[in-house]
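# Residue-level structural notes
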Amino acid sequence: MVGPNYQRPEVDTPQTWRFEEKEAKDAANTAWWEQFNDPVLNDLILIALRENKDVMIAAARVEEFAGLYGTTRAALFPQIGAGAGYGRQRTSELTGPSPLEDTGVNPTFNSSELFLNAAWEIDLWGKLRRATEAARANLLSTEEARRTVILTLVSSVANSYINLRGLDKQLEITKQTAKNYKEGYDIFKLRFQYGIVSEIEVSQAKSQYEQALANIPLFEKFIAQQENALSVLLGRNPGPISRGKTIDELMLPAVPAGLPSDILVNRPDIRQAEQNLIAANANIGVAKALYFPSISLTGLLGLASNDLSDLFKGPAKTWSWAVPVAAPIFTGGAIAGQVKSAEAVQQQSLLTYQQAIQTAFREVDDALVDQKRTREQLDALVQQVGSLRKYANLAWLRYENGYTSYLEVLDAESRLYNAELVHTNAQGTLFQSLVNLYKAMGGGWVTEADRMTIETANANTADKDSLSKQESVASKSVAGKPE
């Protein structure tokens, strides 16, 4: 076969990750989302794998390229067809080298034919085999693209659910804070009525309460929008989402272990980029084969007669065979242009493949440092919340005993409220960093999710078939009843 044979390009792979995790476990091949220990999240991921439209589109695209592969591969084999025809026609008596006028020959006649034809292009230069190689690589590429959709979907559902539970907690904190501020504001109004405090302090307490009150619809808006986004991931119309465990009750998944070299075989997007490179490499051979002669075998065997009754008699037999050869002599650079274009596409695919690998390494390293530093940040935030809670209590005591103004209380409580929100946000960030780490590493869990997709699809088909049978039986039963 003309054209270059594919060889996997060498990749500069780091020996270790820049941020190592000593407690990493070999968990990249498991259904990691089950480590959250939240049955509701497990159900949401199952629903998404079954009903998400992107997954369905990707599966249909695989079927499309499977058909294209079959069409391309068919050119390797002889193409056989058959035909038959019957007709009646009249020729002019006044045209032709021998006019029929006054000859007694009937210008009207019938024609019948029955034939079998075959054609086969001999693939001497590998043009058809290279095209088949490219089509197969394109098919495998779309399959890896489908697996990439599954990888992204599971990660997106998990991250969206975590974000939703984080917003739920922030709304809960805000409502509780507003409730506490309201109680303080009511007390200050009573104290003002009895002349114990000034109107300035009442206004300060009211402003603090109204600020917390204004944050409630803000978080409610974020929650509704997050629910709508998650509903679309589930393949449904926007609407409310079921809740399971709170963000405080969710379990942290283990940090998955893996070497940089594992990424090359574990990530479907890298395998997709490599299949695209294989296809582009094969297309160079398809283009170069155009320089050489094209040789085919053609043949026809059949019967032809003016009268249908004579169609199957010996004299009606007809046959032909030929070996047509076509070779380019002058194309004005058309073939050279196709070769140059194919080589340029191959170079683009090579760079895309290398870029995909570098992006994968970066995403894994980013996720590793994200979860490591976020753990440290979260530990510090826990200490900060505890310190600010103590600060708020002491500020109240100092204010009640006349040692400070109410501004110190406002400052302490505002800091505590903001710290609690930041702490909750960091909780979600830590969960999401681990989700992103599993996503970046790829692994056997994608195969597990793919299997779940197939199982749920088969179960849906079986349920639909069973329902159709029940409806058919019911309709027949109703039809058999007398009115």
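Procedures and definitions
Residues numbered from 1 in each chain as written. Predicted model: local features only at pLDDT ≥ 70, side-chain atom pairs only at ≥ 80, totals over all residues. Heavy atoms only, no water. Axes fitted to C-alpha atoms, helices over the stretch in contact; angles between N-to-C directions. Helix = DSSP H or I, 4+ residues; strand = E, 2+ residues; numbered from the N terminus. Parallel < 35°, antiparallel > 145°, perpendicular 65-115°, else oblique. Contact = heavy atoms within 4.5 Å. Nonpolar A, V, L, I, M, F, W, Y, C, P; charged D, E, K, R; others polar. Core = buried A, V, L, I, M, F, W, Y, C linked by side-chain atoms within 4.5 Å. Buried < 20%, exposed > 50% of the residue type's maximum accessible area, 1.4 Å probe, protein only. Left-handed = near helix turned anticlockwise from the far one by under 90°. pLDDT = per-residue confidence, 0-100. Salt bridge = Lys/Arg side-chain N within 4 Å of Asp/Glu carboxyl O. Pairing = 2+ DSSP bridges.

Further remarks concern the packing of helix α2 (residues 53-73) against helix α3 (residues 127-193). Where α2 contacts α3, the two axes come as close as 9 Å, and the packing angle between them is 170°. Taken together, the axes of α2 and α3 lie roughly antiparallel to each other. Residues Asp54, Val55, Ala58, Ala59, Arg61, Val62, Phe65, Ala66, Tyr69, Thr72 and Arg73 of α2 form the contact with α3, whose participating residues are Ala131, Thr132, Ala135, Arg136, Asn138, Leu139, Thr142, Glu143, Arg146, Val149, Ile150 and Leu153. Here the residues of the contact of α2 with α3 sort into 13 nonpolar, four polar and six charged.

This part covers the nonpolar core. Trp32, Trp33, Phe36 and Val154 are the most contacted members of the largest nonpolar core, which has 63 residues in total. Among the elements that make up this core, the one with the highest residue count is α3 (16 residues). Look past the residues within four positions of Trp32 in its chain and what remains in contact with it is Val154, Ser155, Ala158, Pro253, Val435, Tyr438 and Trp445.

To characterise two packed helices, one gives the angle between the axes of the helices and the distance between these axes. It is at 7 Å that the axes of helix α7 (residues 334-400) and helix α8 (residues 406-441) come closest, and there the two elements cross at 160°. Considering the angle they form, α7 stands roughly antiparallel to α8. α7 and α8 meet at a crossing whose hand is left-handed. Considering only residue class, the contact of α7 with α8 consists of 25 nonpolar, nine polar and ten charged.

This paragraph deals with the confidence of the model for the protein. Chain-level statistics for the protein give a pLDDT mean of 87 and a share of 91% at 70 or above. The lowest-confidence element of the protein is helix α9 (residues 444-480), averaging 61 in pLDDT; the highest-confidence one is helix α6 (residues 268-288), averaging 95. Counted against residues more than four places away or in other chains, residues 473-483, with its pLDDT under 50, gives zero contacts.

A word on the pattern of salt bridges. Under the definition given, this model contains 28 salt bridges. Ionic pairing is found between Glu51 and Arg236, a salt bridge with its closest N-O pair at 3.7 Å. Note that Glu51 is positioned in helix α1 (residues 39-51) and Arg236 in the loop between α4 (199-233) and α5 (263-266), a separation of 185 residues in sequence. On the accessibility criterion, Glu51 (22% relative accessible area) is partly exposed. The partly exposed category is assigned to Arg236, whose relative accessible area is 42%. Residues Arg398 and Glu408 are paired through a salt bridge, measuring 3.3 Å at the closest nitrogen-oxygen approach. Remark: Glu408 occurs in helix α8 and Arg398 occurs in helix α7; sequence separation between them is ten residues. Take Arg398: its relative accessible area is 38%, and that puts it in the partly exposed class.

Before going further, it helps to spend a moment on the environment of Asn106. In this fold, Asn106 is placed in the loop between β1 (79-90) and β2 (108-122). By relative accessible area, which is 53% here, Asn106 ends up exposed.

In the sheet, β1 pairs with β2 via twelve bridges, with the strands oriented antiparallel. Across the sheet, residue Gly85 finds its bridge partner in β2, namely Glu113. Bridge count for β2 against strand β3 (residues 294-305) is eleven bridges, and the pairing is antiparallel. Residue pairing across strands places Trp120 opposite Leu297, the latter belonging to β3.

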